[in-house]
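An overview of the molecular structure
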Amino acid sequence: MHILVCGGTGCRASSSDAIVEKFKSELAANNLENDVQVIMTGCFGFCEKGPIVKVLPDNTFYTQVKPEDAAEIVKEHVIKGRKVNRLLYLDPAKKEHVSDSKHMGFYRKQIRIALRNCGFINPENIDEYIARDGYQAIGKVLTEFDPQQTIDIIKKSGLRGRGGGGFPTGLKWEIASKNKADQKYVVCNADEGDPGAFMDRSVLEGDPHSVLEAMSICGYCIGASKGLIYIRAEYPLAIKRLKVAIAQAREYGLLGNDIMGTGFSFDVELRYGAGAFVCGEETALIHSMEGLRGEPTNKPPFPAESGYMGKPTNVNNVETFANVCPIILKGADWYSSIGTEKSKGTKVFALAGKINNVGLIEVPMGITLREVIFEIGGGIKNGKKFKAVQTGGPSGGCLTEKHLDIPIDFDNLIAAGSMMGSGGMIVMDEDDCMVSVAKFYLDFTVEESCGKCAPCRIGNKRLYELLDKITKGEGTMDDLDRLRNLSKVIKDTALCGLGQTSPNPVLSTLDNFYDEYLAHVQDKKCPAGKCKALMKYVIDPEACVGCTACARNCPVNAISGERKKPHSINTAICIKCGACIEKCKFDAISIK
Amino acid sequence: MTKVKSLADLKKMKEELQAKIEVREKGEVSENLVQIKVAMATCGIAAGAKPIMEFLIDELDKRGINAVVTQTGCMGYCYAEPTIEVKLPGKDPVIFGYVDKKKADEIIEKYIKNGELVDGIIPTNYETIDNK
């Protein structure tokens, strides 16, 4: 018998260490310490009802356990075999206690569709993919449906593009299928470039065949026999596994000519990108594949009319493709039963930043940010206060406390001033300065702007300079107006998605954290203590004992004072490195 | 290598492969075959999954334990890399996080040899498409 105690940070904060100790002593008191083991586990993802205790082998799931409950669990459950009802989870809908965690799937907030095989199969072995229904979907499509019927299934499922735009996938396929040409192309966009995002890489590394199979289904639908995966050369492992997968699929005849004797032919090749952010934009991506500069062009013509080599081309993101096969096998109705009215299915997010359970998650659309951050993500690191969450990368915005309970889907996030984006989710706490965050993203956009259109090339640079000025304490109230006006101009006039969305981090922080901008401009202070130019290190003469530790460790000799007498910092020389604070044993130095 | 010539071919192949894997999972081929999957996406490898995989292969062999160690993709628990999944015959798979060599040794000695769980288990917190 095993007693599992949740050791996730949330539960630990509510005394799971004490619970473990109490269980051990209770078991020892009953001479059971050799028969029952007490184990500390990782986060159960149910922090709301923590601390969690699970008893094996009967899978009993106790919630909100206190150290003093250990005695009762040992006496009743372990010794007498009777579950302690008052600690079982109360199903809010049925008002019943649920004892067996196998029947409480509802607490599991994640559903893995795109990630169904990630972490299950060996990605370099096609047999394991086939054993889990691999290549059944293309087989079903080729033998049971014509292209239009297949497109109708995808349309009915409500699948929308997972790269960020959220364009209905079935409709995109339909447009490409209706354009007549001797050659068409299916392109997989694996140019994942948002800082902190790694959803597509994980899919390609964990389940490359799912993308190959979905691409061939798309090829069948639109009438293309060639597929191209545009992947950044920075993803060597994903490239290696894709190559292995392509070779194995060719060997089995699942790529190539006359697939499964149906007369349908499809093959996939790789194209490498040099890691330019703008190449995630579909027209720039296509130009890059053609060997031209990675610059976007005006739409129309859309790639569906004139794309790669001037031929009709359908571009979808990795995660979009990863959803296709389950839709074919389990049906459009099944897929559209998950999610919200206008955003169906699930979304993969890469959780990063100041969050306990950094990781890759897949959640149904309509889940709230609160559930993602505080349940699955296990809350904020080091017990700090939540400040904002950045979604949508450099094209998205920062959402705050007041947005935590809105259901996540394409339209709600846009209404809230951010966007779904490809799925990066960066969590920030009270120590993050929102002006600096906006500056970070603008720095990225300036670096990644291709330079073709003036609003993006010049405008973003000016935005960056204004933000830089504010973080240095030189900003004026006029600068805040200028930031807003310029942002709007760039949004309205830039050529492609990169430029049109690049001011979003500025606008959303201006909207949600205007007081922080004011503090920088009017009070010349950075509330989070991040902007170096606005910080001042001071020694409290009351607390300083004159030990000289700070003066000896100051790299620029900015600290002076006699031994055993209070020291002082010459702020003109100080480079604000923080070395003195680390060395001071008396907490005499602070940042003002 | 046989080519898949038709959907019927593929279906037959799937049944066979699934049966093969099920047999492996239920331990019917061998009473005591232990299966271990090591999460080997870029994040796992960066966190040191490769030496752990080698350590497991070598040590299980040295200690005379009948086991298959395979690689897999990202399990999603990036905060707890390297992560491994251990499946003992007839039991549900268990995922362990923060596996260094010391932990791997503990897992072999305690869990694999005696079925005793060790600290650092990561509970599964998602639904698979099979149930949904």
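An account of the accompanying structure is given in this report. (Residues numbered from 1 in each chain as written. Chains lettered and ligands numbered in written order. Predicted model: local features only at pLDDT ≥ 70, side-chain atom pairs only at ≥ 80, totals over all residues. Heavy atoms only, no water.)

**Observations regarding the sheet that holds strand β14 (residues 386-391) of chain A**
All names here are of chain A. Rules: Here, strands pair whenever DSSP counts at least two bridges between them. Only runs of H or I of at least four residues qualify as helices and only runs of E of at least two qualify as strands under DSSP, and these elements are numbered from the N terminus. Angular values range over 0 to 180 degrees, each being the angle between N-to-C directions of two axes fitted as lines to C-alpha atoms, with helices fitted over their stretch in contact.
Read from one edge to the other, the open sheet built from five strands follows the order β13-β12-β16-β14-β15, with strand pairing classed as mixed. Edge positions in the open sheet fall to β13 (359-364) and β15 (397-400), since each of these has one partner strand only. Here the average twist between neighbouring strands, direction ignored, is 30°. When strand β12 (residues 346-353) meets strand β16 (residues 424-429), the two strands line up parallel, connected through four bridges. Each residue of the ladder has a partner; that of Ala-352, found in β16, is Ile-426.

**A word on the nonpolar core**
Residues and elements named next belong to chain A. The line we're drawing: To form a nonpolar core, buried Ala, Val, Leu, Ile, Met, Phe, Trp, Tyr and Cys residues must be joined to one another through side-chain atoms within 4.5 Å. Remark: exposure states derive from per-residue accessible area (1.4 Å probe, protein chains only) relative to the maximum for the residue type, with buried under 20%, exposed over 50%, and partly exposed in between. Only heavy atoms matter for contacts: two residues are in contact if any of them lie within 4.5 Å across the pair.
With 84 residues, the main nonpolar core has Tyr-135, Trp-173, Ile-217, Ile-229 and Leu-254 as its most contacted residues. When residues of this core are assigned to their parent elements, the largest contribution, nine residues, is made by helix α9 (residues 208-222). If near-sequence neighbours (up to four positions away) are discounted, Ile-229 is found in contact with Cys-188, Ala-190, Leu-212, Met-215, Leu-242, Val-268, Glu-269, Leu-270 and Arg-271. Residues Val-315, Val-435, Leu-483 and Ala-528 belong to the second largest nonpolar core, which totals 38 residues.

**Overview of the pairing of strand β11 (residues 313-317) of chain A**
All names here are of chain A. In terms of burial, β11 is a largely internal element, five of the five residues being buried. Of the two faces of β11, the one lined by Thr-313, Val-315 and Asn-317 and the one lined by Asn-314 and Asn-316 are each fully buried. Bridge count between strand β8 (residues 185-190) and β11: five bridges; the pairing is parallel. Counterpart to Val-187 in the pairing with β11 is Val-315.

**Some thoughts on the interface of chain B and chain A**
This is how the line gets drawn: By buried area we mean how much accessible surface two parts lose on assembly, using a 1.4 Å probe and totalling the loss over both. We define a salt bridge as a contact between a side-chain nitrogen of Lys or Arg and a carboxyl oxygen of Asp or Glu at a distance within 4 Å. In protein, a polar contact means a hydrogen-donor-capable atom and an acceptor-capable atom, both N or O and within 3.5 Å, with residues adjacent in sequence counting only if both atoms are side-chain atoms; elsewhere, any N or O pair within 3.5 Å suffices.
Between chain B and chain A, the contact holds 50 residues from the first and 64 residues from the second. Regarding the contact of chain B and chain A, the summed buried area is about 4,600 Å², with carbon and sulfur atoms giving 56% of it. If you sort the residues of chain B by the area they bury against chain A, B:Asn125, B:Tyr126 and B:Ile129 come out on top, with a joint share of 14%. At the surface where chain B touches chain A, the tally comes to one salt bridge. Between A:Asp133 and B:Lys14 there is a salt bridge; the shortest N-O distance is 2.4 Å. Viewed at the interface, chain A and chain B are joined by 23 residue pairs in polar contact (both at pLDDT 80 or more).

**What to know about the packing of α9(A) against helix α12 (residues 318-330) of chain A**
Residue and element names in this part refer to chain A. Rules: Orientation labels follow simple angle bins: below 35 degrees gives roughly parallel, above 145 gives roughly antiparallel, 65 to 115 gives roughly perpendicular, and whatever is left gives oblique. Ten residues, namely Ala, Val, Leu, Ile, Met, Phe, Trp, Tyr, Cys and Pro, are considered nonpolar, four, namely Asp, Glu, Lys and Arg, are considered charged, and the remaining ones, Gly among them, are considered polar.
Following both chains from N to C, one finds α9 and α12 inclined at 75°, their axes separated by 8 Å at the closest point. As the angle between them shows, α9 and α12 are arranged roughly perpendicular. From α9, Ser-210, Val-211, Glu-213, Ala-214, Met-215, Ile-217 and Cys-218 reach across to α12, where they touch Val-318, Phe-321, Ala-322, Val-324, Cys-325 and Ile-328. Taken together, the residues of the contact of α9 with α12 break down into 11 nonpolar, one polar and one charged.

**Quick look at the sheet that holds strand β10 (residues 267-273) of chain A**
Residues and elements named next belong to chain A. Read across the open sheet, the four strands follow the order β10-β9-β8-β11; overall the sheet is parallel. A strand with exactly one partner marks an edge of an open sheet, and here the two such strands are β10 and β11. Averaged over all pairs of adjacent strands, the angle between strand axes in this sheet comes to 25°, irrespective of strand direction. Relative to β10, strand β9 (residues 226-232) runs parallel, the two sharing seven bridges. In the strand pairing of β10, Leu-228 is matched with Glu-269.

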